[in-house]
Amino acid sequence: MILKVTKKLIAVAVLSVCMVLPAAAQKIRWTEDGNGYYAIERGNLVSVSLPKTERKVLVAAANLKAEGKQINIRDFAFSADGSKVLIYTNSKKVWRYDTRGDYWVLDLKTQKLARIGRDKPASSLMFAKFSPSGNEVAYVSEHNLYVDDLSTGITKALTLDGTKRLINGTFDWAYEEEFDCRDGFRWSPDGRSLAYWQIDATKIKNFLMIDNIDSIYSYTIPVEYPKVGQDPSACKIGIVDIATAKTSWVNVPGDQVQNYIPRMEWIPGTNNIILQQLNREQNESKLFIGNAANGSVRQIFSEKDKAWIDAAPGWNWISGGKEFIWQSEKDGWKHLYRLTSDGKRSSLITKGDYDIIELKLVDEKNNYVYFLASPANATQRYLFRTKLDGKGKLEQVTPSIFPGTHNYDISPNGLFARHTFSSAAVAPIQEWMNLSTGNPLTMDGSLTNQLAKRTPPKNKVEFFQVTTEDGVTLDGWMQKPADFNPSKKYPVVFYVYGEPASQTVTDTWGAGQNFLYAGDMMADGYVYVSLENRGAPAPKGREWRKSIYQKIGTLNIRDQAQGAKKLLASRPYLDAGRVAVWGWSGGGSSTLNLLFQYPDIYQTGIAIAAVGNQLTYDNIYQERYMGSPLKTTEAYVKGSPITYAGNLKGNLLYIHGTGDDNVHYQNAEMLINELIRHGKTFQMMAYPNRTHSISEGEGTGKHLSLTYTRFLKEHCPPGAR
């Protein structure tokens, strides 16, 4: 119920044929040899060579003028031979990211600019990318696929049936929000065809949002939105021939409506595609190889789980395309495996009681695989490596002298990396390093040197663990007032999320800081706390994460309440008579459930953009974690805050944007109706036309902060007693 971004390693060897990504999703654009990277500086596109960081202007901003306007580089991609660059500009949002805009090709030899899709509406092109030869550019516009021949300037339509609801080459709302699917087509390795998704959302019902402020007469804004229990959009994979514009459909087994296809790629150097299929309940994953020439498929792998299986982060090919790296939790931990593309052999690479958090690099030449993990502390992140053949030991690459959260963007040759570090006490810093030696490229830019210049924060965030009466040990952080006196009692504010989409207890910058509080929360005399319940995506093993299956709104709520109860009993400086809880989205839902189910613990709650009734949310997310409602809705009802609204004893502030396309304002009205029915008084704030982020419109952020802070101070008074 929050933005979920799947991080995928993109090989620089195929950078030239990859889509131009929105800047928000970009990693470093490494040069093809891995000895440098590209950057946009003051409107210029430059290359930076390592280790000396020498800069060379490849595209000058002065040369990016057309039709009397300056073309500002939003994003870019080079052709395979490096002779052309595809420039993305004039971008517009599609739900979360600005994934549509205009594209231009600049010939680096002649400095000639050519607009792609020049007969298409402004800012309507999506995911444009060069063909492997660099002679064509394919893209999506208004749900149809096109290709422009750069030598002739001729545009060819590859599909003609696209409508608002029949979607070629991109996705509907639910696929985008819950599977992180946006770019929906791929060039074949030989450049003769495109593989693409077609999403048929024609039978998906509209959810109608109402705009009351932009005209004298209100009007509705329809959003195609498949709610819990409603059929998903139909999905199929087509292979379109560039020369003939004829599509052949891949014969993927199973019903096109009752199965999802969240991932699909070409197998390098072949005329075959590989795809992942998840069943409607998302507890069975199958991998198929599809023959693009005749549409036939064969299954090479399958896996089941009693709870759910996530959409794959992607494929990392080795052995010349004969093998790939796959992630699975089948032994109780998220591990890396080597699978042969014929499905006949599988071998474990990472071994031990720990989770892979994110795969960072497959260094086939040196027989290593690099990944983020944290076997000893689930609140932190470090870089590890082990042998690609599965015969090596686990080696920590990150120096242990920097406890906290680390991330690495590694060059494809494994020589260089941008190393980013933060902790609850250290704002983000980064160094460029030689990964093979572990040394920074310059001592001035090293983490050690930068940390020496930092002033430690006045208040230190305390990380702790608390064991509930159920025997569950929860991680937590706590921030105390600046003039803390353990002999006095302080109000405590709990920050909660509680669902499988996100963690709150991480040793990273921002822990212990309330971004919504207007003023200095610590100076005002609050103790700020967050606990991490079971079900959160922490690296604690499959059982920790998936024990929440069919129990959102119950198991996570019990963990939170028991943790709070234990904390209040064991720390006498916490005032049990002044306890508040707040959260956003899934955290808003948790806040409501805590306030309603455990009214003797929490006296005050602030819930923002909450799902009050789980049956109103989208089918992909909610059915994944709560099981099929077609069998029974008991778990949904049991986990929904509206079920317990009559138990409200304390103070509630409910906040929601009426233009929320993610968690609909409908939830607010259903909840309000229940509270009224039970005679429960409360306060609320509706933000007209604001989305899930409640960020649009002049003054919105400040007003939200002031509203939040005033209510908290009034009903959970600050200061020691």
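Rules and cut-offs
- Residues numbered from 1 in each chain as written.
- Predicted model: local features only at pLDDT ≥ 70, side-chain atom pairs only at ≥ 80, totals over all residues.
- Heavy atoms only, no water.
- Salt bridge = Lys/Arg side-chain N within 4 Å of Asp/Glu carboxyl O.
- Helix = DSSP H or I, 4+ residues; strand = E, 2+ residues; numbered from the N terminus.
- Buried < 20%, exposed > 50% of the residue type's maximum accessible area, 1.4 Å probe, protein only.
- Axes fitted to C-alpha atoms, helices over the stretch in contact; angles between N-to-C directions.
- Parallel < 35°, antiparallel > 145°, perpendicular 65-115°, else oblique.
- Left-handed = near helix turned anticlockwise from the far one by under 90°.
- Contact = heavy atoms within 4.5 Å.
- Domains from an automatic or database assignment.
- Buried area = accessible area lost by both parts, 1.4 Å probe.
- Polar contact = N/O pair within 3.5 Å; in protein donor to acceptor, adjacent residues only side chain to side chain.
- Nonpolar A, V, L, I, M, F, W, Y, C, P; charged D, E, K, R; others polar.
- UniProt positions renumbered as here; feature names shortened; annotations may be inferred.
- Phe/Tyr/Trp six-rings, centres within 6.5 Å; stacked < 30°, edge-to-face > 60°.
- Lys NZ or Arg CZ within 6 Å of the ring centre and 35° of its normal.

Undergrad: Mind laying out the pattern of salt bridges, listing which residues take part and the relevant values?
TA: Working definition: two side chains of opposite charge can pair if their charged atoms are close together. Tallying each qualifying case throughout the model produces 38 salt bridges. Glu469 is paired through a salt bridge with Arg558; the nearest N and O atoms lie 3.8 Å apart. You can see Glu469 sitting in the loop between strand E38 (462–467) and strand E39 (473–479) and its partner Arg558 sitting in helix H4 (residues 555–570), a full 89 residues away along the chain. In this structure, Arg578 and Asp575 form a salt bridge, with 2.8 Å as the shortest nitrogen-oxygen distance. Neither residue differs from the other here; Arg578 and Asp575 are each classed as buried.

Undergrad: Lay out the packing of H4 against helix H5 (residues 586–597) in plain terms, naming residues and giving numbers.
TA: At a closest axis distance of 10 Å, the pairing of H4 and H5 adopts a crossing angle of 65°. On the basis of their axis angle, the class for H4 and H5 is roughly perpendicular. Note on packing geometry: the crossing formed by H4 with H5 is right-handed. From H4, Asn556, Ile557, Gln560 and Ala561 reach across to H5, where they touch Ser590, Asn593, Leu594 and Gln597.

Undergrad: Give me the lowdown on the domain arrangement of the protein chain, citing residues and values where you can.
TA: Frequently, the measure chosen for interface size is the accessible area that the parts lose on association. Here the domain parsing of the protein chain yields domain 1 (24–152), domain 2 (158–314), domain 3 (351–423 + 426–454) and domain 4 (462–715). Computed from C-alpha atoms alone, the centre-to-centre distance between domain 2 and domain 4 is 34 Å. With 31 residues of domain 2 in contact, the opposing surface of domain 4 contributes 32 residues. When domain 2 packs against domain 4, the two sides together hide about 2700 Å² of surface, and 52% of this comes from carbon and sulfur. At the junction of domain 2 and domain 4, the tally comes to 4 salt bridges. Note that Lys546 and Asp305 form a salt bridge whose closest N and O atoms lie 3.3 Å from each other. Viewed at the interface, domain 4 and domain 2 are joined by 22 residue pairs in polar contact (both at pLDDT 80 or more). Secondary structure elements with two or more residues in the side of domain 2 that touches domain 4: helix H1 (173–179) and strand E18 (206–211). Considering each element in turn, the side of domain 2 that touches domain 4 owes the most residues, 6 residues, to H1. Split by residue class, the side of domain 2 that touches domain 4 holds 17 nonpolar, 4 polar and 10 charged.

Undergrad: How would you summarise the UniProt feature "domain: Dipeptidylpeptidase IV N-terminal" (unreviewed entry) in the protein chain if you had to cite specific residues and measurements?
TA: With numbering aligned to this structure, UniProt lists the feature "domain: Dipeptidylpeptidase IV N-terminal" (unreviewed entry) at residues 79–426. A distance of 40 Å separates the end C-alpha atoms of residues 79–426, which is 2% helix and 48% strand.

Undergrad: Could you give an account of the packing of aromatic side chains, with specific residues and numbers?
TA: On inspection of all chains with the given rule, the structure shows 37 aromatic pairs. Ring geometry for Tyr37 versus Trp432: centroids 4.6 Å apart, planes at 5°, classification stacked. Here Tyr37, found in strand E2 (residues 36–41), pairs with Trp432, found in strand E36 (residues 426–434); they are 395 residues apart in sequence, far enough to count as distant. Put simply, the rings of Trp173, Tyr225, Trp308, Tyr549, Tyr617, Tyr621 and Tyr625 pair up and form one aromatic cluster. Directly above the ring of Tyr146 sits Lys120, whose terminal nitrogen or CZ lies 4.1 Å from the centroid. One Lys or Arg, Lys236, reaches over the ring of Trp249 and ends 4.1 Å from the middle of that ring.

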